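Breakdown of the fold
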Amino acid sequence: MTPIALDPARVAGWRAAWDAMMLGFVPGLPALERVIATAVEAVRGAPPARVLDLGGGPGVFAERMAGRWPDAAVTLLDVDPVLLEVARAGLPPEIGVVRADLTSPAWPAAAGGGYDLVTVVMTVHYLTPAVIRSLYAAARDALAPGGLLVVADLMPDDGLPEVMRVLDPGPGEAAAELAWAQWWSGLTAVPEIVGLLAARADLFRDRPPAGFTADLGWHAAVARAAGFREAGALWREGRHAALAARR
Ligand SMILES: C[S@@+](CC[C@H](N)C(=O)[O-])C[C@H]1O[C@@H](n2cnc3c(N)ncnc32)[C@H](O)[C@@H]1O
């Protein structure tokens, strides 16, 4: 796809607003990022050399990982034509931006391999259980031996009795939902983006709604079945959690 010219100041504004919005959904994201960094450096004994962020959106997390590990090759993969364009326009050129669909068996070839860390943040709820099973198997193959997969999403705590599990949205989530709607509707006024919004609507029209949720035990079992040596909880905040699985 031919890159389109976007005003850098506007792109920076969209990416900053996206970052604030994601923090509204998951206030503990900064803590999660620190925990991911500590975990991958501990298991590797050094900073990661190759990092892949699946469903990376406009790349705010990928950019922070690249800032944390300046010598690492960081790649973002996503399917959304709008978010990919915002990522390409806003990210430094050394961060790879790959267009691929996690529901397609072709994405692993597009992503390449030998990664020390593969992250999937707030993305698996867009996928079906069958696609998540394939995703974990492909992520395992994309990792170098000893490499780490981290998946963060809505994952209720199966270690607690059902009545004690946090299932309700946090206090900031209604505001984040509103910010999400405003973020997307704001782009409809940008002539350079309108065509990409139409392509996005076509792409997502026939997909299931982004609402899949399973508890962390389910994700850990799927990761073990996909061949990961170890899998368990890396982080939790209310109903959000992160699975870490080690190849
Ligand atoms: C809620 S956003 C999270 C984005 C990013 N991980 C973050 O934390 O800022 C979910 C992301 O998943 C991506 N996504 C959804 N379905 C996908 C698919 N089938 N293949 C690739 N990416 C997908 C969306 O395009 C979007 O960027």
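Keep in mind it's a predicted model, so treat the numbers as computed, not measured.

Procedures and definitions
- Residues numbered from 1 in each chain as written.
- Predicted model: local features only at pLDDT ≥ 70, side-chain atom pairs only at ≥ 80, totals over all residues.
- Heavy atoms only, no water.
- Near = heavy atom within 4 Å.
- Polar contact = N/O pair within 3.5 Å; in protein donor to acceptor, adjacent residues only side chain to side chain.
- Areas by Shrake-Rupley, 256 points an atom, 1.4 Å probe, with all protein chains shown as cover.
- Nonpolar A, V, L, I, M, F, W, Y, C, P; charged D, E, K, R; others polar.
- UniProt positions renumbered as here; feature names shortened; annotations may be inferred.
- Helix = DSSP H or I, 4+ residues; strand = E, 2+ residues; numbered from the N terminus.
- Salt bridge = Lys/Arg side-chain N within 4 Å of Asp/Glu carboxyl O.
- Buried < 20%, exposed > 50% of the residue type's maximum accessible area, 1.4 Å probe, protein only.

**Observations regarding the site of the ligand**
Lining the immediate surroundings of the ligand are 19 residues, of which Trp 18, Gly 55, Asp 78, Asp 101 and Val 121 lie closest. In this structure, Gly 55 approaches the ligand through a main-chain N or O atom, which is 2.8 Å from a nitrogen atom. Note that a nitrogen atom of the ligand is positioned 2.9 Å from one of the backbone N or O atoms of Leu 102. Relative to its unbound accessible area of 590 Å², the ligand is 97% covered by the protein chains. Class assignment of the residues belonging to the shell around the ligand gives a composition of ten nonpolar, five polar and four charged.

**Some remarks on the UniProt feature "domain: Methyltransferase" (unreviewed entry) in the chain**
Mapped onto this numbering, the UniProt entry annotates "domain: Methyltransferase" (unreviewed entry) at residues 51-147. Between the end C-alpha atoms of residues 51-147 the distance is 10 Å, and the span holds 39% helix and 27% strand.

**Quick word on the pattern of salt bridges**
What the rule picks out here adds up to eleven salt bridges. A salt bridge links Arg 64 to Asp 19, with the nearest nitrogen and oxygen atoms 2.9 Å apart. Of this pair, Arg 64 sits in helix H3 (residues 60-68) while Asp 19 sits in helix H1 (residues 8-25); the two residues are 45 residues apart in sequence, bridging distant segments of the chain. Look at Arg 64 and you get partly exposed, because its relative accessible area is 34%. Residues joined by salt bridges that share partners form a network here, namely Asp 19, Glu 33 and Arg 64.

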